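Given next are the chains, with one letter for each unit.
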Amino acid sequence: MPACDAFLLYMKKMCGAHTLLRSLATAALLAVTAFGAPVVSPSDALAAPAEARKPQAAEVEASPYLDQLLHEINARRARVGTQPVVYATAGANQAVAQYLADLTPQMLAYNACFHGQYNPVPPAWDYVAASGLTGEARGEVLGCPDTSGYWTTSRLADGWWSSPMHFQALYGDPEANTVACGTYGPLRGGQAFETIACVTYHV
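Residues numbered from 1 in each chain as written. Predicted model: local features only at pLDDT ≥ 70, side-chain atom pairs only at ≥ 80, totals over all residues. Heavy atoms only, no water.

A. Geometry of the pairing of strand E2 (residues 136-143). Counting buried residues along E2, six of its eight residues qualify, which places the element largely inside the surrounding structure. Looking at chain direction, E2 and strand E4 (residues 192-202) are connected through seven bridges and run antiparallel. When the bridges of E4 are listed, Leu142 appears paired with Ala197. (Buried < 20%, exposed > 50% of the residue type's maximum accessible area, 1.4 Å probe, protein only. Helix = DSSP H or I, 4+ residues; strand = E, 2+ residues; numbered from the N terminus. Pairing = 2+ DSSP bridges.)

Right, dumping it as C-alpha cells:
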C-alpha cells in the first residue's frame, strides 16, 4: 500500500484522490456519536428526489464473506478475552446492507468517508431498529469505499484491530454479544466488497 496510507485524516493535500480514499478506508472511521432512539425512519429522512434513485441492497442470504468476517471478528475477540458475538438476524444484516446502499453513493459524491448522521442518510442503528432488532447499540465500524478489492475479511478485521477506537468498539467491548453486518458492491467474485459496516449490540 502507498506510504501515505496511514490512520490520518488530514492527508488530503499530500495524497491523490484514490490514495486518500484508501487512507480513509484503512482508517475505517468509527461512529462516536451517542446512540439513541431513531428520530425519523430511514425512508422519511431521505429527500424525495434521492428516494426515487435510491439503490437497493442485494438480498442478504447465506454469505461466505459474512460468515468468514464473523469468524475473523470472534478470533480476535478470543485473543482479547471478550465473549464471541453472533449475528442478530438476517433482517438486521439486510438492514445494514441497505444502509450502505444509501450511504456509499453519498460518500462517493463527496469523495469522503463518513457515517450516516441524517446527512441525509440516517445512522445504521435506525435501519437495524426498523428491522425489528431490540437491544443496546454499542458502536459502528465501517470499511470505507474501495473499488480495488482490498477489503477481504482478514484485511478488514486487521484494519479495525489496528485502530484503538475500532478495536475497543468491535473487539474490546465485553458487553457486546451481537452484531449486524452488511456489505455493498461485491468485488473479486464476492471475496471483497466496496463498503462494509458492522454495528455491535448488547441484547
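B. Geometry of the side chain of Asn74. As for its position among the elements, Asn74 is in helix H4 (residues 64-80). Non-local contacts of Asn74, meaning those with residues more than four positions away in its chain, are made with Pro84 and Val85. (Contact = heavy atoms within 4.5 Å.)

C. The arrangement of the state of the cysteines in detail. Applying the stated criterion to the full structure yields two disulfides. Bridging Cys113 to Cys144, the disulfide has an S-S length of 1.7 Å. Torsion about the S-S bond of the Cys113 and Cys144 cystine: about -65°, corresponding to left-handed handedness. Here Cys144 lies in the loop between E2 and helix H7 (153-162) and Cys113 lies in the loop between helix H5 (90-110) and helix H6 (124-130), a separation of 31 residues in the sequence. The pair Cys113 / Cys144 is uniform in exposure class, with both members buried. Each sulfur of the disulfide joining Cys181 and Cys198 lies 2.1 Å from the other. (Disulfide = S-S within 2.5 Å.)

D. Molecular detail of unusual backbone geometry. Of the consecutive residues Asn119 and Pro120, the connecting peptide bond is found in the cis state with omega at 0°. Its location among the elements puts Pro120 in the loop between H5 and H6. Located in the positive-phi region is Asn111, a residue other than glycine, with phi close to 50°. Examined against the element boundaries, Asn111 turns out to sit in the loop between H5 and H6. Under the relative-accessibility criterion, Asn111 is labelled partly exposed at 32%. Even without being glycine, Arg188 reaches a positive phi, approximately 50°. One can find Arg188 in the loop between strand E3 (178-187) and E4.

Everything listed here is a matter of coordinates, which is why it stays silent on function.
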